[in-house]
Structure formats: C-alpha cells, structure tokens
Amino acid sequence: MTADLALILAGPFLRHCDNDNFTLCWVSREPLTELELTLADKCHALTPEHLQAFALGEKAFYYLLHLKQTDLLASNQAINYQLSAKGYPDLFASVSELTYPAQDANSENGPRFYIKPDISQMLHGSCRNPHHHSDDALKAADTRLSQDLSLEARPSLLMLSGDQVYVDDIAGPMLYAIGQVITLLGLKQEGFEGAKITHSDELDYGFSALYQRHKHLLPHTQYPAKTALWRWYRNHPIFTSSLAENHLVSLGEVIALYLLTWSPELWQCIDIPETPQAMTPANTLRWQKQAAYLAEFAKGLGQVRRLLAHVPTYMMFDDHDITDDWNLTARWEEAAYGHAFSKRIIGNALIGYTLFQGLGNNPDKFKLELLPLMNKLFSQANTLETKANSHSIDAACADHNAAEAASENNPAEIASESNAAEKAIETDVGSADVKNADESAAKNAAKSADETVGPQDALIQALLKFEHWHYSLATSPKVVVLDTRTRRWRSESNLAKPSGLMDWEALMDLQQELIDQDKVIIVSPAPIFGVKFIEAIQRTATLIGGSLLVDAENWMAHPGAANALLSIFMHRKTPQQFVILSGDVHYSFAYDIRIRFRHGSPHIYQITCSGIKNQFPEKLLPWFDKLNGWLYGYFSPLNLFTKRKRMLIRGRRPNGHSSQRLVNHSGLGILTLAENGAPKQISVLHSDLSQTHFEPPRDER
C-alpha cells in the first residue's frame, strides 16, 4: 500500500437540502460518536433520530445525516456546515481541498451552499464510466463553480439521471483495485447459492481471472431461447451486457466500486501494476489502456468531491447502476429472478444503489420498509452467511407468502396475469402496498421474513418489492423524478417484447403529480421523445427477437405506455411548460414539441444530456443523425405513421449548425430557466470548459 488510510474515505456529499431538510452522506474508516453539526452558525447535537450508520466492514462506516425541521434553512443565503465528533473537532479538516480558495475567510467554517427553491439554473447529466476515454465533465463543473461562487452563479441542484456507476462494465484494473479495497477495509463477505463458488472469499482477483467472469462465473438460463429466429439455444447468459467480462457479483465489490468512483482517498492506498502477468497480449493491451484512463479519472476525483460537497445532488438509477437491460422484458425478469445467483447479484447492486444514491434523495421514504432490514443486515457479524436453499425461488415465494399472512395490515398486491411465467415474476418481484401500513406492521413483516430467510435475502426481497424509488422536489418549477425500471408495463402478447417503462398505475400517479401545476421539470432517465430513426432500428430488432441486443427500451416501444403517456401531455389540466430531462443514450440533443392543431398547446422541451464520461460510437452517430433528419425531419410524412404523430417535434441546432441535431461529446447539461419555466438557454458543458448551446429552431417559413 502506498499511503495510510484516511479518516474520511468518501464524502462529504450534500444530498436532499431545502428549507426544511439538510442531508449529508460520508464514509469513515472508524465509528464516530458524539457527533455535532454546526449549520448556518447554529449547533445541533445529533441523535440516532438524525443519523443512519452502517458498518460496511472492519474499516468502513457509512453515515447518512438527515436533519428535518420547519424553516431550518433560509433561501438564497450562504450556509456553511461543519461536523465534529469525539476526538475530531473538525471531522472534515483532513479532507484536502474541500473548500474553494476564493471562498474567503468563512471557508474555515466548512463548505458553503445555498438553498435556491426557485430554479433559475440547474446541472444535469448521466452515464459516468470511469474507464471511458473521454474526460470527466464533473471536473469542469467544479472548475466553473470555482470561478464564480456568487449566489447568482450557483446552480440550484445537480441531477444525475442514471448510470452513475457501471456495475456490469468494470475495467480489469478497476476489478483488481476493488479486490484490494475489499481486503484493505475488511468489507463484508457472503455465501452464495446456485453459483460455481459457494462464498465471496473464493472470488479470484488474480490477473489470469480478469475478463473471464462471463465464461466461468455468471449464471445461465435453464430454458431454450425463444426468439423469432432461434428457438433451440439453451443455457444462454442471463446477464446480457456485451461488456460483462468483469461483472460485479458480491456486495463488497459493489461497495468498493462506489468508494472508488466518488472519492480519491482509496486510490492512494492501492497499487495497480502497469504490466500484468499471465494475461493474453490482447487483454494486456486492454489493461494498459484502461489503467491509463482510470489514472486520469482518479486525478479528478478531488474536484468531483468538492463539487458534491457544495451543490445539493439528487440521483435516479438506470440499468447500468444494477445491470444492463435491467427488467427490459418479462422474459428477462423470469430468467434473472428465477435463478438464485443472478437474483443475489441484482440484489447486491440494488443494496449499493440504496446506500449511496437512493437514501439521500428522500430519507423519509425508506424508514418504514427498508431501514429496519438494512440495520439488521449491517449489524451482523463480518461474514453474511446465507441459509441453505434460501435462494430457491419457490422457497422465497413461500416465505414471502408466509410473511404476508403474518401481518393483516400489510397485504400484497399481486397482479393477476394470464401467463403462468408472468405470474411467477409478479409473485417474486410484485409490489407491496404500504401506503396505509403503520410502523409496527412493517416491523412485524420484517421480523417474520427474517425468521425464514437470512438478513441479506430479506433485504433483497424487500428492495425488489419496493415501489417508492421515484420522488419529487418542492421547487419552482416542481421537479418530478421518474422510476422507469421497477414499475414496468409488461407485454401481454409476448414475454420477450420490451416492457413499457412505466405501468398504468405509475403513469396515473404521474398525472396526479402534474395536475394544476403551471410548470414542471420531469426527469426521465430514458428520453420520452427520442431519435426516431434509432427507435425504428430498435423496433425492427424487436420484431426478429433481438430486443436485448439493441437495448430496445424507449417510451414508444410499448403501445399501452406510449399512448397513456402521450395522453398525459394532452390533458387540459397538465402544465403549460414541460421540461423533460433525460440521459441514457450517450449523446445530447434538444427538441421543442407542440401538440398539432391545438391552439394554446403546452410547450414541451425534451433535453437529453449524456454522458458525463461516455460517448456513442463515433463513426455511427453522424450517419444516424443524417438519416433521422432525412426520414423523420420536420416535414417528413413518415411522422404520421409513428405513435407520436399528434406531436410536432423540431430539433434544436447545436451552436447554430444548419443540419446537425445530435452532439457526441461528453459533458454535463446546464439548464437556465425563465420565470415562467421555459428554457432561456440549453447548454452542455464539456470537460475542456467549452460549451455547446442548443439554439431554438428557425421560425416556420
């Protein structure tokens, strides 16, 4: 090891902050006691009511501080925060370059932020892959902020709309580093069922084992592939990513990935050789390229941490936060949740998301259903052993039903499906109705579940049933963040067809959020109005049974979800100003959208910025851009044959370009809004501090 272990391993990260809430997250190398918060020059003695603490390992302790109080924080005023603990009068004093040099003398009181409920400017983006060759746009956002720390220049918030980590796409040097971090921090181990290994301590991080997990470790299905072309192939991989050679499987690996992705400290404690031994020449070359990109990525993490310490940050998962094609089709769900090992892999990624992303968005949503189970899991001994057969899908369903019978106040909502395979999915991953459940009923259900399955399995089952990942922010405009992954509208005609991104009930919940709002910002990880030519390619692939090959998940892929969503936009009581923020696709674009033949149509803006550190294949996108313009341009009659034929869609011009509409350059979105909620400026900030401005369409001639 090249350096001593720092006190603060990750953070501090500002999360949900408004006039009534202050939320902060960090990870330390040792447990902390007698914590006290100084916030806006006022001291707060912290009690267990304000803190969630989890022992992730022998030398890794996770803390989430959530202080909730009416009129806790004033709007549009500078607010400093500082933490102390027993033995540490300034907990974050050892964190280098946590404050900005130009922050004046008050920087000694800790990082400074502002509560700006009226959104005039915000940052947004998605898709941050550490070993991609592009640079990290979050560094540019930090540099930009350091140049002007005034209230007017501060963004109200940073919205990260998916793929903050890539659990399914891990570079060889990153997996090697993860193995070192697990040992260094003594992260928790676990037993496996249904896998070729029985315990996580059997995972091999040697050079010869890298880039091999898709062949020797990841699970396969036990039924024939059923597509329009191939019906004979059995035992195909459950995890469909083409880059799954180093797919993470254990909870310790997922925790290590988050720590390495968000903070520089651990990179100083690990050694990554330039030339690995016992690798093929091709893999050696891959290693060297990836190691160079990761080294550059790690250099910028100090700036990323500083940005996240000064700007309230919100997050939502997309597929790569869990695994590629997560819940893409009902057939995929049947395979993934019907196999003991794949269910554990997905569950571990979901635990990691909950810890490092989900909890900070709205901590109160998790108290009733999930926090008791999380406390039980992370209070166990260092090894998280599983009971024999606890991963059997039949046993899991039986345990779930037993837990339901034990509590009359917590009934399950199991959707009735005509297809038997669909029923199996709904039983295992179905939704739990907790809207009217009180705290004692939830605890009784958790206790009943824990008596039949281990704490890790009990938590995973609860996470798979959890239906409250979505959230909204009490800002102006109101921000509504959609969960497009766990409440899907499954195809009734063919389990292999793409599911709708949200089911009927979820879409009706969305409509209720929008009624009587005059302006709103919707965060949808996948674009609602995408590039039609690319969607046509995905539809063609779906018709021949290749939906998993082309990530055929767009809002228009499922007729029911598409029609219900478009009806929401045309409802008379929905907002006049819709701003839709999306990511996912690895390129950026902006559309202005109106309803055809309607006087007083709402103004809809689809703004997509992707990725923060990722890009689309460089040779393909220019062709897709041209073909989309030729086939589905503003005047094209082909638009009349699409599901969005009632919408008039015009692409904005990046930097005034006459024909280009798509930008293939990593960056972070900057959205500037007028008082009525309409965009004043739509921009992408690139890593070299240059910007792409999306100019409005030319007036109709």
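The notes below deal with the structure included here. All figures in this text were calculated on a predicted structure; none of them were measured in a lab.

Of the regular secondary structure elements, the protein holds 17 helices and 26 strands. In the protein, buried positions account for 61% of the 701 residues. Partitioning the contacts of the protein with sequence separation of at least 6, the portion at a separation of at least 24 is 78%.

Here we come to the packing of helix α14 (residues 504-514) against helix α16 (residues 559-570). For the pair α14 and α16, the least separation of the axes is 10 Å and the interaxial angle reads 10°. Judged on the interaxial angle alone, α16 and α14 are roughly parallel. Across the interface between the two elements, W504, L507, L510, Q511 and L514 from α14 touch A561, A564, L565 and I568 from α16. Tallied by class, the residues present in the contact of α14 with α16 amount to 8 nonpolar, 1 polar and no charged.

Another aspect to go through is the packing of aromatic side chains. Using the criterion set out here, one finds 31 aromatic pairs in the structure. Aromatic pair F192 and F341: ring centres 5.1 Å apart, planes at 65°, arrangement edge-to-face. Of this pair, F192 sits in the loop between β11 (189-190) and α3 (213-216) while F341 is found in helix α8 (residues 340-361), placing the two residues 149 residues apart along the sequence. Comparing F192 with F341 shows no difference in burial state: the two are buried. Judged by centre distance (5.4 Å) and plane angle (80°), the rings of Y587 and F616 are edge-to-face. Of this pair, Y587 sits in the loop between β19 (577-582) and β20 (589-595) while F616 sits in the loop between β21 (603-608) and α17 (621-632); the two residues are 29 residues apart in sequence, bridging distant segments of the chain. Each of the two residues, Y587 as well as F616, counts as buried. Connected via pairs of aromatic rings, a cluster forms that spans F317, W326, Y353, F366, F466 and W469. We note R128 situated over the ring of W262; from NZ or CZ to the ring centre the distance is 4.9 Å.

Here the focus is the sheet that holds strand β6 (residues 60-68). Whether parallel or antiparallel, the strands of a sheet pair through hydrogen bonds between backbone atoms. The strand order across the open sheet built from 4 strands is β1-β2-β6-β5, with neighbouring strands paired in antiparallel fashion. The open sheet has two edge strands with one neighbour each: β1 (8-14) and β5 (51-57). Neighbouring strand axes in the sheet, compared pairwise and without regard to direction, differ in orientation by 10° on average. One ladder, built from 4 bridges, connects β1 with strand β2 (residues 21-28); its direction is antiparallel. Across the sheet, residue F13 finds its bridge partner in β2, namely C25.

A grouping of W630, L631, L638, L640 and F641 is seen on the molecular surface, where their side chains present a nonpolar patch of about 590 Å² in accessible area. Tracing the backbone through its elements, the reader meets L631 in helix α17.

Looking now at unusual backbone geometry. Cis geometry is adopted by the peptide bond preceding P12, which originates at G11 and carries an omega value of 5°. Following the sequence through the fold, P12 ends up in strand β1. We note that D325 has phi near 65°; this positive angle belongs to a residue other than glycine. Here D325 shows up in the loop between β12 (313-315) and α7 (330-337). Owing to a relative accessible area of 0%, D325 belongs among the buried residues under this scheme.

The next point concerns the pairing of strand β24 (residues 667-673). Summarising burial for β24: 7 of the 7 residues are buried, a large majority. Note that strand β9 (residues 121-125) and β24 share 4 bridges and pair antiparallel. Counted as the bridge partner of Q121 is T672 from β24. Of the strand pairs in this sheet, β24 and strand β25 (residues 679-686) are connected by 7 bridges, and their pairing is antiparallel. Among the inter-strand pairings, G669 is bridged to a residue of β25, identified as V684. Linking β24 back to β25 in an antiparallel pair, the connection comprises 5 residues, with G677 at a positive phi of about 95°.

Glancing now at the layout of surface pockets. Summary: where empty space remains is shown by rolling a probe the size of a single water molecule over the atoms. Each pocket or cavity is described by its volume, and for the second largest pocket that value is around 940 Å³. Around the second largest pocket sit 38 residues that line it, and G629, G633, Y634, G651 and R661 are the ones nearest its centre. Within the residue set of the lining of the second largest pocket, elements represented by two or more residues are α17 and β22 (647-651). Among the elements that line the lining of the second largest pocket, the one with the most residues is α17, at 8 residues. Grouping the amino acids of the lining of the second largest pocket by side-chain chemistry returns 13 nonpolar, 13 polar and 12 charged.

It is at 9 Å that the axes of helix α2 (residues 172-185) and helix α4 (residues 251-262) come closest, and there the two elements cross at 105°. For the element pair α2 / α4, the angle class is roughly perpendicular. Along its contact with α2, which presents M174, L175, A177, I178, V181, I182 and L185, the element α4 presents G252, E253, A256, L257, L259 and L260. Taken together, the residues of the contact of α2 with α4 sort by class into 11 nonpolar, 1 polar and 1 charged.

In this section: the sheet that holds β22. Read across the open sheet, the 7 strands follow the order β16-β17-β18-β19-β21-β20-β22; overall the sheet is mixed. Looking at strand neighbours, the two that pair on one side only are β16 (471-473) and β22, the edges of this open sheet. Taking each pair of neighbouring strands and ignoring which way they run, the sheet shows an average axis angle of 20°. Direction of pairing for β19 relative to β21: parallel, over a ladder of 6 bridges. Counted as the bridge partner of V579 is Y605 from β21. Strands in contact with α14 are β16, β17 (478-481), β18 (519-523) and β19; relative to β17, the strand with the most contacts, it is inclined by about 175°. Docked against the sheet, α16 engages β19, β20, β21 and β22, running at close to 90° with respect to β22.

Our next topic: the pattern of salt bridges. Counting across every chain of the model gives 20 salt bridges. We note a salt bridge from E190 to R344, for which the minimum N-O separation is 2.5 Å. Taken together, the residues span a long stretch of sequence, with E190 in strand β11 and R344 in helix α8 at a distance of 154 residues. Comparing E190 with R344, the two get one shared label, buried. Within the structure, one salt-bridge network assembled from shared partners comprises K68, D364 and K367.

Within the element layout of this structure, K573 appears in the loop between α16 and β19. C-alpha separation for the pair K573 and D516, spaced 57 residues apart in sequence, amounts to 5.8 Å. When residues no more than four places from it in sequence are discounted, the contact partners of K573 are L514, I515 and D516.

Looking at the secondary structure, you find I115 in the loop between β8 (112-113) and β9. I115 sits in the buried class, given a relative accessible area of 4%. Between the C-alpha atom of I115 and that of R154, which follows or precedes it by 39 residues, the distance is 9.8 Å.

About the criteria used
Residues numbered from 1 in each chain as written. Predicted model: local features only at pLDDT ≥ 70, side-chain atom pairs only at ≥ 80, totals over all residues. Heavy atoms only, no water. Helix = DSSP H or I, 4+ residues; strand = E, 2+ residues; numbered from the N terminus. Buried < 20%, exposed > 50% of the residue type's maximum accessible area, 1.4 Å probe, protein only. Contact = heavy atoms within 4.5 Å. Axes fitted to C-alpha atoms, helices over the stretch in contact; angles between N-to-C directions. Parallel < 35°, antiparallel > 145°, perpendicular 65-115°, else oblique. Nonpolar A, V, L, I, M, F, W, Y, C, P; charged D, E, K, R; others polar. Phe/Tyr/Trp six-rings, centres within 6.5 Å; stacked < 30°, edge-to-face > 60°. Lys NZ or Arg CZ within 6 Å of the ring centre and 35° of its normal. Pairing = 2+ DSSP bridges. Patch = residues over 30% accessible without salt bridge, like charges linked within 9 Å, V, L, I, M, F, W, Y side chains within 5 Å. Areas by Shrake-Rupley, 256 points an atom, 1.4 Å probe, with all protein chains shown as cover. Salt bridge = Lys/Arg side-chain N within 4 Å of Asp/Glu carboxyl O. 1 Å grid on protein atoms, 1.4 Å probe; cavity = no way out; pocket = protein on both sides within 12 Å on 5 of 7 lines; lining within 4 Å. Points joined across faces, edges and corners; volume = space filled by probe spheres on them.

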